[in-house]
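Read off the chains here:
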Amino acid sequence: NFLLSVSKVGIGLFVNSIAIIADGVNNLTDMASSAITLVGFKLAAKPRDAEHPYGHARFEYLTGMVVSLLILSLGIKLLTTSFDKVLHPDPLKFSITAVLILLVAIGVKVWQALFNIRTGEEIRSTTLKATGMDSRNDVIATGAVLVSLLVGKLTGLQLDGYMGCLVALFIIYSGVQLIRETSSPL
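Remember, it's a predicted structure, so these values are computed and weren't measured experimentally.

Undergrad: How would you explain the environment of Leu-43 if you had to name every residue and give the values?
TA: In this fold, Leu-43 is placed in helix α2 (residues 18–44). With 115 residues separating them in the primary sequence, Leu-43 and Gln-158 have C-alpha atoms 47 Å apart.

What follows is the structure in structure tokens.
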């Protein structure tokens, strides 16, 4: 996720695309949410003690909630930035490198989504399933950004700000869905 983030933010700055930058920032939050998820698993695996006679399993739900809130707050920030790009559009510089980076990112995120969702179902982990859902949503968001870039190249239409808004709204929606998913035990 760190490499995807750096690649997307770099290429987004190069081609002047808020949608690609937003997608890269989203990957940075994925990295943070993965770290939070690992901490949650570690804390949830602690054995019972005098203060926690039923164990520490609730930590997994708490970390899932933190991941969800992180995604939600990122979506809101990206929506305001993208809306500004709608009001003040800048032309994009098309780059085949940008297309290739976005295609690789889609492939990586498909793999992450499948792995996390399948593993989450196998071990009955709502946090891991939520992480997989977020990766699945990233595939859709990155695909939309790629379409925006290609449409801009082929037609000259400046859809970047609009696509950034759609990606941000999608991120907000997925954050709300993840809050619902992680707030109730299986």
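Undergrad: Now, about the packing of helix α4 (residues 96–122) against helix α5 (residues 126–155): what can you tell me, with residues and values included?
TA: Running from N to C, α4 and α5 point in directions that differ by 160°, and their axes come no closer than 7 Å. Relative to α5, the element α4 lies roughly antiparallel. α4 and α5 meet at a crossing whose hand is left-handed. When grouped by side-chain class, the residues that make up the contact of α4 with α5 number 16 nonpolar, 9 polar and 5 charged.

Undergrad: Account for the packing of aromatic side chains, with residues named and values stated.
TA: Here the structure, examined in full by the defined rule, presents 1 aromatic pair. A ring pair is formed by Trp-111 and Phe-115, whose centres lie 5.4 Å apart and whose planes are at 15°; its orientation type is stacked. Taken together, the residues Trp-111 and Phe-115, both in helix α4 and 4 residues apart, mark about one turn of the helix. For Trp-111, a relative accessible area of 55% gives the class exposed. The cationic tip of Lys-93 hangs over the ring face of Phe-14; the distance from NZ or CZ to the ring centre is 4.7 Å.

Undergrad: Mind laying out the nonpolar core, listing which residues take part and the relevant values?
TA: Within the largest apolar cluster, 25 residues are counted, with the highest numbers of intra-cluster contacts made by Ile-20, Leu-78, Leu-102, Val-145 and Leu-149. Taken together, the elements giving at least two residues each to this core come down to α1 (2–15), α2, α3 (58–87), α4, α5 and α6 (160–183). Counting residues per element, this core draws most heavily on α5, at 7 residues. The residues contacting Leu-78, other than those within four sequence positions of it, are Ala-22, Ala-168 and Ile-171.

Undergrad: Kindly report on the pattern of salt bridges, identifying the contributing residues and their values.
TA: In total, this model carries 3 salt bridges according to the counting rule given. With a shortest N-O distance of 2.9 Å, Asp-23 and Lys-8 are connected by a salt bridge. With Asp-23 in helix α2 and Lys-8 in helix α1, this pair connects stretches of sequence that are 15 residues apart. The salt bridge partner of Lys-85 is Asp-160, with a shortest N-O separation of 3.6 Å. With Lys-85 in helix α3 and Asp-160 in helix α6, this residue pair connects regions lying 75 residues apart in the sequence.

Undergrad: An account of the confidence of the model for the protein is requested, with residue identities and associated values reported.
TA: Overall, the predicted model of the protein reaches an average pLDDT of 83, with 94% of residues at or above 70. α2 is the least confidently modelled element of the protein, averaging 79 in pLDDT, while α4 averages 93, the highest of any element.

Undergrad: Explain a nonpolar patch on the surface to me, using residue names and the numbers behind them.
TA: Together, Phe-94, Ile-96, Leu-100, Leu-103, Leu-150 and Leu-154 give the surface a local cluster of nonpolar side chains, amounting to about 590 Å² of exposed area. Among the elements that make up the nonpolar patch, the one with the highest residue count is α4 (3 residues).

Undergrad: Residues and numbers for the packing of α1 against α2, please.
TA: Contact pair α1 / α2: the axes reach a minimum separation of 7 Å and the direction vectors enclose 165°. Relative to α2, the element α1 lies roughly antiparallel. Of the two elements, α1 crosses α2, and the hand of that crossing is left-handed. Touching Phe-2, Leu-4, Ser-5, Lys-8, Val-9, Ile-11, Gly-12, Leu-13 and Val-15 of α1 are Ile-20, Ile-21, Asp-23, Gly-24, Val-25, Asn-27, Leu-28 and Met-31, all from α2. In the contact of α1 with α2, the residues fall into 11 nonpolar, 4 polar and 2 charged.

Definitions and cut-offs
- Residues numbered from 1 in each chain as written.
- Predicted model: local features only at pLDDT ≥ 70, side-chain atom pairs only at ≥ 80, totals over all residues.
- Heavy atoms only, no water.
- Helix = DSSP H or I, 4+ residues; strand = E, 2+ residues; numbered from the N terminus.
- Axes fitted to C-alpha atoms, helices over the stretch in contact; angles between N-to-C directions.
- Parallel < 35°, antiparallel > 145°, perpendicular 65-115°, else oblique.
- Left-handed = near helix turned anticlockwise from the far one by under 90°.
- Nonpolar A, V, L, I, M, F, W, Y, C, P; charged D, E, K, R; others polar.
- Phe/Tyr/Trp six-rings, centres within 6.5 Å; stacked < 30°, edge-to-face > 60°.
- Buried < 20%, exposed > 50% of the residue type's maximum accessible area, 1.4 Å probe, protein only.
- Lys NZ or Arg CZ within 6 Å of the ring centre and 35° of its normal.
- Core = buried A, V, L, I, M, F, W, Y, C linked by side-chain atoms within 4.5 Å.
- Contact = heavy atoms within 4.5 Å.
- Salt bridge = Lys/Arg side-chain N within 4 Å of Asp/Glu carboxyl O.
- pLDDT = per-residue confidence, 0-100.
- Patch = residues over 30% accessible without salt bridge, like charges linked within 9 Å, V, L, I, M, F, W, Y side chains within 5 Å.
- Areas by Shrake-Rupley, 256 points an atom, 1.4 Å probe, with all protein chains shown as cover.

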